Every structure is written in structure tokens, then in C-alpha cells.
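Below, each chain spelled out in residue letters.
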Amino acid sequence: TLKNTMADAAGLLDNYLEEATEVPTSMRTKLELSLASLWRGMRSCRYRQVYMNLVKGTYTMVPREVNVREFLSDLTKGRMLALDMPDFKAALDPVLLALILDNALSNASKHGHPSNPNIHLTTQNDASRGLVFRVTNRANPNKPPLTAAFVSARFDGTGPTSTDSVSDGIGLQHTRLAAKAFGYTVT
């Protein structure tokens with residue numbers, strides 16, 4: 001399968017990075033970023049079944065206690081972004097949360113400023129709203145600003161069909177379904 005092939009490639013890169021002591025820093029960094037991309041790809045393969053179960057309405061949440069700082073550090077490995085996350089534990093479904101945040105981070109990168117999207121992921125445990133994750137970016141100056149109505153329509157899948165060659169809006173629909181399974185709202 002694709003996931004196993006990616007795992008093989010990741011294993012080879014891992015072994016090389018452990019054994020090669022004289023790799024120039026810039027090359028090591030590029031190889032580590034490539035390794036992180038392979039891990040993200042493997043996670044995406046895992047999400048495929050989750051997507052199908054979410055659409056069918058048969059996904060069963062599996063909450064467990066997670067160290068949020070460790071979870072987010074692992075999830076964001078290889079991505080260029082700023083993290084603001086206190087060190088605490090929370091009961092959550094890490095697969096669903098990873099699906100939501102991976103999509104949000106990908107969109108922030110894809111649709112943000114072309115040369116400097118300036119992506120931030122902040123986390124807080126809000127007394128009135130509970131656990132809050134916020135992904136922000138620097139807007140693309142060549143695109144119109146997003147309105148609340150546009151975002152809502154994209155999450156619902158009722159908005160206009162995308163003409164963007166790298167985006168069709170399906171990720172936002174999956175995100176909405178995952179958030180709904182959590183009992184959360186995405187805005």
C-alpha cells in the first residue's frame with residue numbers, strides 16, 4: 001500500500017540520518033523536512049478511512065488523555081509556523097483533531113501569502129469555551145478577503161465550485177464533519 005511504501009522510505013531516511021554524521025546542516029535539514037512530509041503523508045492515508053466513516057456517520061470517537069504540547073509538536077514537524085501552546089493534558093480524539101488541524105494548516109499555507117504566509121497555531125484552555133485551537137495566517141494580497149458567509153458555505157459544501165487547481169473545498173467539508181463528531185464548531 002501507499003502508506004507502507006512511505007513508511008519504507010521514511011525508514012531509509014531515518015537510518016541514513018542516524019548513520020551519516022558528516023551530512024552538511026542544510027542538507028540534513030532538507031532531509032528531515034522530507035521525512036516529516038512522509039509522516040504527514042502516512043497520516044493522510046490513515047485519514048482516508050476516517051473520512052469515509054465520517055461521511056457515512058459511523059465514526060466512533062476514541063478520546064484519550066493527550067499531552068497537547070507533544071501532540072502539536074509531532075503534528076507540526078516539518079512545517080514552517082509559529083506555535084503558542086501551553087503544556088497541559090486534555091481528553092480528546094487525536095485522530096480527529098489531527099485531521100482538523102492538518103487541514104487548517106495546509107489551507108493556511110496553500111491560500112495564504114504566496115511568499116510569507118506567517119502561519120501561527122495557538123492553543124488555549126478557555127474557561128467558557130473549553131479547548132480552543134486557532135490557526136491564523138497572513139492573507140494573500142491577490143485574493144479577496146474571506147467573508148463569514150463564504151467560509152460557512154465552503155464548510156457546508158454549498159458554496160460556489162472552486163476554480164483553484166489545488167483546492168476543491170472537500171477538506172473543509174471533512175473538517176466540519178470531524179468537528180461535528182467532536183461536538184465542536186469550526187469558524
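Worth saying up front: this structure is predicted, and the values here are computed from it rather than measured. (Residues numbered from 1 in each chain as written. Predicted model: local features only at pLDDT ≥ 70, side-chain atom pairs only at ≥ 80, totals over all residues. Heavy atoms only, no water.)

**Student:** Lay out the pairing of strand 5 (residues 130-136) with the relevant residues and their values.
**Tutor:** Direction of pairing for strand 4 (residues 120-126) relative to strand 5: antiparallel, over a ladder of seven bridges. Residue Leu121 lies in a different strand from strand 5, and its bridge partner there is Val135. Hairpin geometry of strand 4 and strand 5 is characterised by an intervening segment of three residues between the two adjacent antiparallel strands. (Pairing = 2+ DSSP bridges. Helix = DSSP H or I, 4+ residues; strand = E, 2+ residues; numbered from the N terminus.)

**Student:** Which residues make up the layout of surface pockets, and what values do they have?
**Tutor:** If you add up the space inside the second largest pocket, you get close to 520 Å³. Along the wall of the second largest pocket there are 23 residues; nearest its centre are Trp39, Arg43, Arg46, Asp74 and Leu75. Those elements that place two or more of their residues in the lining of the second largest pocket are helix 2 (25-56), helix 3 (68-75) and helix 4 (94-111). Residue contributions to the lining of the second largest pocket peak at ten residues, all from helix 2. Here the residues of the lining of the second largest pocket are counted per class, giving twelve nonpolar, one polar and ten charged. (1 Å grid on protein atoms, 1.4 Å probe; cavity = no way out; pocket = protein on both sides within 12 Å on 5 of 7 lines; lining within 4 Å. Points joined across faces, edges and corners; volume = space filled by probe spheres on them. Nonpolar A, V, L, I, M, F, W, Y, C, P; charged D, E, K, R; others polar.)

**Student:** Go over the pattern of salt bridges with me, naming the residues and quoting the values.
**Tutor:** The full count for this structure, using the stated rule, is four salt bridges. Between Lys77 and Asp74 there is a salt bridge, and its shortest N-O distance comes to 3.6 Å. The exposure class assigned to Asp74 is partly exposed, which follows from its relative accessible area of 45%. As a salt-bridge pair, Arg79 and Asp102 come within 3.1 Å of each other at their nearest N and O atoms. Note that Arg79 is positioned in the loop between helix 3 and strand 2 (82-84) and Asp102 in helix 4, a separation of 23 residues in sequence. (Salt bridge = Lys/Arg side-chain N within 4 Å of Asp/Glu carboxyl O. Buried < 20%, exposed > 50% of the residue type's maximum accessible area, 1.4 Å probe, protein only.)

As far as function goes, none of this settles anything; it's purely spatial.
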